[in-house]
Structure formats: structure tokens, C-alpha cells
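Fold and contact review
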Amino acid sequence: MTAAELREKIRMIIPTVVGQRKQADAAAVEYDELTKFPELKKVIVDLLTHEFDNFIASIDWVAPKPTTFRINLKNDFNFYLIYTKTSWIAQVEGKKYYLLNLPEEERATEAIARILRYGAPGSADAEAEVEADASASAPESGGGEEVNVDVEDDVTVDI
């Protein structure tokens, strides 16, 4: 690749990147916490992309130390972002993900995507999705057959 080709590729990519950044900045104005805490905006963009405004209903500042934010999603579910000295922690459905590690950040993103798929609470689609996720993650038993076992009363077991 020549220097001229590289320059041309960069010229083509810059409008896309700048446009995404401007879109995220415009959406951040709507939330006071994102203007007060610019690091929070970076973390949310990392987890939900620059189009986070389509998924977030509100952001609540829950605790001052450790600085904790509740991210309320539009489907009435939420997750927490906790700021520590070393990194951010995402707490999604009770599980903590340390966002300093890339694999954990990816798992946090997948967990957030999973709760976004649940839909609005109480809807038939949401309940079917939750049951499908639960059955997919549940270990299979011995085929669902009912087994009767006769136990004698005189049997003792030494352990």
C-alpha cells in the first residue's frame, strides 16, 4: 500500500468516525450524568455503541462512593455501572464484569444484549424469550422419564 492509498482510505473513514462521535455527543446532552461524567459516556458507548440513545431511558446517579450509576433501559430493565480506581465494573443481572479486561467487557456486552432481548416486562414475547433462554442454559436431565425407586427400610449406608 502506498502513502497515497493510505491517505485516501483515511479520508474516507474520517467522516464516518466523526459523524458517529457527533451523534453520541448529541445524544449525551439529553442525560445530565453523561455531561457531568465524560468517562461514563465512553463506557456506555463501548458497551452499547454510539447509538445508545435508542436503548437507554434514563441514567440515575445511585451512590457517590463508589460512584454508581443505574442505567435504565427502555424495556424497564436496568444494569449498574460502578466506577473504581482501576476500572469500571458493569453489574448486569447480579453478575459483575470488570471492564478493564476485554473478555469480560465482551461478556458484559452480551449480557446487556440478552436483557435488551427480553422486551417489555409482562409481554408474551418477553416471557417466551426468558423461558427459551432458561431452557437453553438448563442442563438436560435423563430424558424426562419418571423413575420409581423402591427403598427397603432395613438398609443402612456407611460413609
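Residues numbered from 1 in each chain as written. Predicted model: local features only at pLDDT ≥ 70, side-chain atom pairs only at ≥ 80, totals over all residues. Heavy atoms only, no water.

Brief notes about helix 3 (residues 38-48)
The periodicity of an α-helix, 3.6 residues per turn, causes residues three or four positions apart to be oriented the same way. The set of residues buried in helix 3 consists of Leu40, Lys41, Val43, Ile44, Leu47 and Leu48. Viewed along the axis of helix 3, the buried residues span an arc of 165°, placing them on a single side of the element. Facing away from the buried side of helix 3 by more than 90 degrees, the exposed set consists of Pro38 and Lys42. Positive backbone phi, at 70°, marks Thr49, one or two positions downstream of helix 3. (Buried < 20%, exposed > 50% of the residue type's maximum accessible area, 1.4 Å probe, protein only. Helix = DSSP H or I, 4+ residues; strand = E, 2+ residues; numbered from the N terminus. Arc of directions from axis to C-beta.)

Brief notes about the packing of aromatic side chains
Tallied over the full model, the rule gives six aromatic pairs. For the pair Phe69 and Trp88, a centre-to-centre distance of 6.2 Å together with 35° between the ring planes defines the contact as tilted. With Phe69 in strand 2 (residues 68-73) and Trp88 in strand 4 (residues 88-92), this pair connects stretches of sequence that are 19 residues apart. Assessed through its relative accessible area of 1%, Phe69 is described here as buried. Overall, the relative accessible area of 11% leaves Trp88 in the buried class. (Phe/Tyr/Trp six-rings, centres within 6.5 Å; stacked < 30°, edge-to-face > 60°.)

Thoughts on the side chain of Asn72
Among the secondary structure elements, Asn72 is positioned in strand 2. Looking at Asn72, its side chain comes within polar contact range of the side chain of Ser58, at 2.9 Å. Those residues in contact with Asn72, other than ones at most four positions away along the chain, are Phe55, Ile56, Ala57, Ser58, Asp60, Phe77 and Asn78. (Polar contact = N/O pair within 3.5 Å; in protein donor to acceptor, adjacent residues only side chain to side chain. Contact = heavy atoms within 4.5 Å.)

Description of the pairing of strand 2
Counting buried positions over the six residues of strand 2 gives five, a clear majority of the element. One ladder, built from six bridges, connects strand 1 (residues 56-63) with strand 2; its direction is antiparallel. Across the sheet, the residue bridging to Asp60 is Arg70, located in strand 2. Between strand 1 and strand 2, which follow one another and run antiparallel, lie four residues. When strand 2 meets strand 3 (residues 78-83), the two strands line up antiparallel, connected through five bridges. Paired with Phe69 across the strands is Leu81, a residue of strand 3. Between the antiparallel neighbours strand 2 and strand 3 lie four residues, among them Asp76 with a positive phi of about 70°. (Pairing = 2+ DSSP bridges.)

Some remarks on the nonpolar core
In this structure, Leu40, Ile44, Leu47, Ile71, Phe79, Leu81 and Leu99 are the most contacted members of the largest nonpolar core, which totals 25 residues. Contributing elements (two or more residues each) for this core: helix 3, strand 1, strand 2, strand 3, strand 4 and helix 4 (102-117). Among all residues touching Leu81, those that are not within four sequence positions of it are Leu40, Val43, Ile44, Leu47, Thr67, Thr68, Phe69, Ile71, Trp88, Ile89, Ala90 and Leu99. (Core = buried A, V, L, I, M, F, W, Y, C linked by side-chain atoms within 4.5 Å.)

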